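Working through the structure, step by step
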Amino acid sequence: MKLEAKNVSFRYTEGGRLVLDHVDFTVEEGERVGVTAPSGFGKTTLLKILAGYEKPLEGEALLDGRPVSEYRGYCPVQMIGQHPELSVNPRRKLKTVLDEGDWSGDFGERQRIESGLGILDEWKERYPVEVSGGELQRFCIARALGTRTKILLADEITTMLDLVTQGQIWGFLLGETMRRGLGLVVVSHSRELLEKVCHRIVEVDRKQEKNDG
Amino acid sequence: MNIGITDRNTDIVDRNADIANRDADIVDKSKGVENDVLKVEHLSVSFTQYGRGLRRRTLHAVEDLNLSVRAGEIVAVAGSSGSGKSLLAHAVMGILPYNANMDGTVYYDGEILTKERAKRLRGREIVLVPQSVSYLDPLMKIGPQVTKGKNDAATREKSRRVLAGYGLSEDVEEKYPFQLSGGMIRRVLIATAVMETPKLVIADEPTPGLHPEAAKRVMGHFREIADTGAGVLLITHDLELALSAADRITVLYGGRTVGEAAAADFLCEEKLEHPYMKALCRSMPKNWNWDGYKLCDSGEILEYMRKEYGR
Amino acid sequence: MSTDRAFWKDRRFRMLALAAAAAAFLLAVTVLGSVWHDAALETDFSRKNLAPCLKYPFGTDWMGRDMFARTVAGLSLSIRLGILTACVSAAIAFVLGLSAAVMGRFADGAVTMMIDLVMGIPHILLLVLISYACGKGFKGVVIGVSLTHWASLARLIRGEVLQLKASPYVKIAEKLGKGKLYIAFRHMAPNLFPQFITGLILLFPHAILHEASVTFLGFGLSPEQPAIGVILSESMNHLAMGRWWLALFPGLFLVASVLLFHYIGQTVCRLIDPGSVHE
């Protein structure tokens, strides 16, 4: 599958500042692309548009030639965010996060991903506030890796975590994307991380650049 | 394979004993040292928390934390979220929430820092560079916020000099916070902090959301502050950033001190003693190396830490 | 002994015990009052206008009716009416709030306008109008109170559902191909339930107080009923003659039961929705 943003512009409020200004971006299955740009340059927004969470003001986000936001049912493009505590329902046990993933009855596949991410059985009976951010993020990643996922968008997913967890998570994700031939888009402020994980790195380019970062 | 793991475990136990010895040494030596600006001994902070229904638990957020900051030095405290680092700042400043219980002693300038003394000194000798931009009043121009409302010529002259020192031009004083970028706001917060020539600066996560270049510049400013003879306590989750700026690093895990090391020691894994710190060192992206299975070998360190540190 | 002490030290247990005691008291008043309905109406001119004494702790009125029995019976009626109207109100609030949030812009506009309308007119005025239009009496009060108390809870539910719809975990569930029913039951219901229950319980005291007020003003229950509002308005004629007990005790009991309901509501809120209170 091929996911592309064509000439995309976006602003959050009418008359507000353009967060994205005519941006082009492409990623294909099996390809790992890093995205880097100073804060406030719309990296998260670009990913949200690519995942179909937001509709672009101008231009289009296409998955195999069809707008991503028009896909009904399971979306082959899944996004993981920076704050796992916002991405799970605080009133439901963590096992329900895993249940939401797309396993099509393939219990072995689900178990392989859980153990690859180091998810312990005892965590599944807890509520989100009862585990650490690193542990919670592992659940969010597992949920996004269902069998029908083809392209994964990772927005600073390890920025708030400790280095050991970061190393483990990226080790697993790299292996998993290679094994399944997934497409991967990585947003990170760490150039070193992108260089170790990605095939190529894209600088998000904005024409109306402000002079201060 | 099994033999290897057993080996590593005994190794870990041995090293723990070593670390305990070394800690004892440090405490002994520093008793004579007068230039500790800040010294924290056996600090514990706990909360009583209520869950849904009748669930209640006492949360030991910080346990037996030790640390010292000398004049002219940047000491970084690094730990992931939930390791109790922000509470350390609040405990020193005497601004813990009402439902927190604090144990242990904080020395400032060789004397015990009580809540009353902290209240007297904070904002003058001890200043906090806060984590959040919301500490600035959104309805007030930058100039008066930096001078804290004082309008005499000397203060204004000083604020102009300080702001200029951080690369902020005169017209910034006439702007409101929302008109500034994230990086500029951080610099305004630091400028506000150093207006009083403090002896101890506590910076609580001063760089999140900043571009690496901007973050490095902020770190440079902390170095300048330390060079004027103040002690800087830098609290951050970003170990790599801390390494680029600090003299010494204290690593926290689950509210406890894992160990302390000179920043330079992190360049070479062998110089680090605690297995968790070794694992941190190995886990830095620059040391990653894809071997077909994993990027770095952190072994069972998280399982070990969960067992040892209880979370 | 030590477990007892730990029990009382725990603020949560203490709160729960107090709330349970309050609920038991209110239940006792409600049951006792409906049993004493006839005793409250019994006149006996041989004992009229007695000040409070051991036999008649709240005194008697100008027709020799036992004020204690009358107060309890009146309160009981008010509580039963309050619970009925609060439940009807909450049901209206739930349906309207939910449809405003999920049925599109037109429904939202209509419901929001109705909420603004009801909240813009003083409660008691609207209540008097509706009750009067419906012919006063039991029917008038029930319709009046029910139709005036749903607005704030409906607004709360609407806001909560809109917020849930925009929350990242609901949006993620949509991208994972989960249907509307799954999201409504698995994601929204667990978040709405505590808010709704708390809102419902906190409606009771309002409904009770407003029922008493509208009856006091003469637009509510008929004078034969032993209602608190009737008792208070009748006592006005006798206060000038120094019969203070006719108004004091019924008034105090009304205030007390309203406060107790409020306390129960807050306790329940803390127990089932701890995130909203950090203590």
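Above this text you will find the structure in question.
A brief report on the enclosed structure follows.

What counts, and at which threshold
- Every chain is numbered on its own, with residues counted from 1 as its sequence reads.
- Here chains are named by letter from A upward and ligands by number from 1 upward, in the order in which they appear as written.
- With pLDDT at 70 or above as the cut-off, local features in this predicted model cover only qualifying residues; side-chain atom pairs require 80 or more to be listed or tallied, and sums for whole chains, interfaces and linings still use all residues.
- With hydrogens and water set aside, each side-chain value is computed from the structure's full complement of heavy atoms.
- Every helix listed is a DSSP run of H or I at least four residues long, and every strand listed is a run of E at least two residues long, numbered separately from the N terminus.
- Classification of residues uses two cut-offs on accessible area relative to the type maximum, computed with a 1.4 Å probe and protein chains only: under 20% is buried, over 50% is exposed, and between them is partly exposed.
- By definition in these notes, contact holds between two residues if any of their heavy atoms fall within 4.5 Å.
- Here the Shrake-Rupley method, with its probe set to 1.4 Å, supplies the accessible areas, and only the displayed protein chains count as covering residues.
- Pairing of aromatic rings covers Phe, Tyr and the six-membered ring of Trp, with a centre-to-centre limit of 6.5 Å; geometry is then stacked below 30 degrees between planes, edge-to-face above 60, and tilted otherwise.
- Any Lys NZ or Arg CZ found within 6 Å of a ring centre and within 35 degrees of that ring's normal is scored as a charge over the ring.
- Accessible surface is computed with a 1.4 Å probe, and the buried area is the amount of it that two parts give up when combined, taken over both parts together.
- For salt bridges, the criterion is a side-chain nitrogen of Lys or Arg within 4 Å of an Asp or Glu carboxyl oxygen.
- Only when DSSP finds a minimum of two bridges between them are two strands counted as paired.
- Only C-alpha atoms enter the line fits that serve as axes; for helices the fit covers just the stretch in contact. Angles between N-to-C directions range over 0 to 180 degrees.
- Any helix carries an expected span of 1.5 Å times its number of residues minus one.
- Taken from the helix axis, the directions to the C-beta atoms give the arc we talk about.
- Whenever a pair of cysteine sulfur atoms sits within 2.5 Å, that pair is classed as a disulfide.

1. Observations regarding the overall build of chain B
- Each helix and strand counted, chain B has 10 helices and 10 strands in total.
- Counting across all 311 residues of chain B, residues that qualify as buried make up 48%.
- Residue pairs at least 24 apart in sequence account for 67% of intrachain contacts in chain B once pairs closer than 6 positions are excluded.
- Summed over its atoms, the accessible surface of chain B is roughly 14,900 Å², and 51% of this surface lies on carbon and sulfur atoms.

2. What to know about the environment of Ser159 of chain B
All names here are of chain B.
- With respect to the secondary-structure elements, Ser159 resides in helix 5 (residues 153-165).
- A C-alpha to C-alpha distance of 38 Å links Ser159 and Ala61, two positions 98 residues apart in sequence.
- If we skip the residues at most four places from it in the chain, Ser159 touches Val146, Thr147, Glu173 and Met195.

3. Observations regarding the packing of aromatic side chains
- What the rule picks out here adds up to 13 aromatic pairs over all chains.
- Between Phe58 of chain C and Phe249 of chain C, the ring centres sit 4.6 Å apart and the planes meet at 10°, which makes this aromatic pair stacked. In this pair, Phe58 of chain C is assigned in the loop between helix 3 (37-41) and helix 4 (67-102) and Phe249 of chain C in helix 12 (residues 245-272), connecting sequence segments 191 residues apart. Assigned by exposure class, Phe58 of chain C and Phe249 of chain C land together as buried.
- A centroid spacing of 6.0 Å and a plane angle of 75° characterise the contact between Tyr132 of chain C and Phe219 of chain C, whose relative ring orientation is edge-to-face. Note that Tyr132 of chain C is positioned in helix 6 (residues 123-133) and Phe219 of chain C in the loop between helix 10 (180-216) and helix 11 (228-239), a separation of 87 residues in sequence.
- Here Phe219 of chain C falls in the partly exposed class, since its relative accessible area comes to 27%.
- Three or more aromatic residues joined by ring pairs make a cluster, and in this case those are Phe25, Trp36, Phe58, Phe68, Trp244, Trp245, Phe249 and Phe253 of chain C.
- Sitting above the plane of the Tyr71 of chain A ring, Arg66 of chain A keeps its charged end 4.2 Å from the centroid.
- Note that Lys178 of chain C overlies the ring of Tyr182 of chain C, its terminal NZ or CZ placed 5.2 Å from the centroid.

4. Details of the interface of chain B and chain A
- Across the boundary between the two partners, chain B contributes 35 residues, which contact 32 residues of chain A.
- Taking both sides of the interface into account, the surface hidden between chain B and chain A amounts to around 2,700 Å²; carbon and sulfur atoms contribute 57%.
- Along the contact surface separating chain B from chain A lie one salt bridge.
- A salt bridge links Glu135 of chain A to Arg306 of chain B; the shortest N-O distance between them is 3.4 Å.
- Listed by contribution, the elements that provide at least two residues to the side of chain B that touches chain A are helix 6 (182-194), helix 7 (212-227), helix 8 (239-245), helix 9 (275-283) and helix 10 (301-309) of chain B.

5. Let's talk about the sheet that holds strand 6 (residues 77-80) of chain A
Residue and element names in this part refer to chain A.
- Strand order across the open sheet formed by five strands is 6-7-8-3-9, with parallel pairing between neighbours. The open sheet has two edge strands, strand 6 and strand 9 (200-203), and neither has a second partner. On average, each strand axis in the sheet is inclined to that of its neighbour by 20°, with strand direction left out of account.
- Looking at chain direction, strand 3 (residues 32-36) and strand 8 (residues 183-187) are connected through four bridges and run parallel. Residue Arg32 lies in a different strand from strand 8, and its bridge partner there is Leu184.
- Relative to the sheet, helix 4 (residues 133-144) contacts strand 6 and strand 7 (151-155), its axis offset from that of strand 6 by approximately 175°.

6. Here's the deal with helix 5 of chain B
Residue and element names in this part refer to chain B.
- For helix 5, built from 13 residues, the straight-helix expectation of 18 Å at 1.5 Å per residue is met to within 8% by its first-to-last C-alpha distance of 18 Å.
- For helix 5, the set of buried residues is Thr155, Ser159, Val162 and Leu163. The buried residues of helix 5 occupy an angular sector of 95° when projected down its axis, which confines them to one face. In helix 5, the exposed positions angled more than 90 degrees off the buried face are occupied by Ala153, Ala154 and Arg161.
- Where helix 5 is buried, its residues touch helix 4 (142-147) and helix 6.
- Positive phi shows up at Gly167, right after helix 5, with a value of about 70°.

7. Remarks on the state of the cysteines
- Counting across every chain of the model gives zero disulfides over all chains.
- Considering cysteine sulfurs only, Cys87 of chain C is the nearest to Cys269 of chain C, which forms no disulfide, with 18 Å between them.

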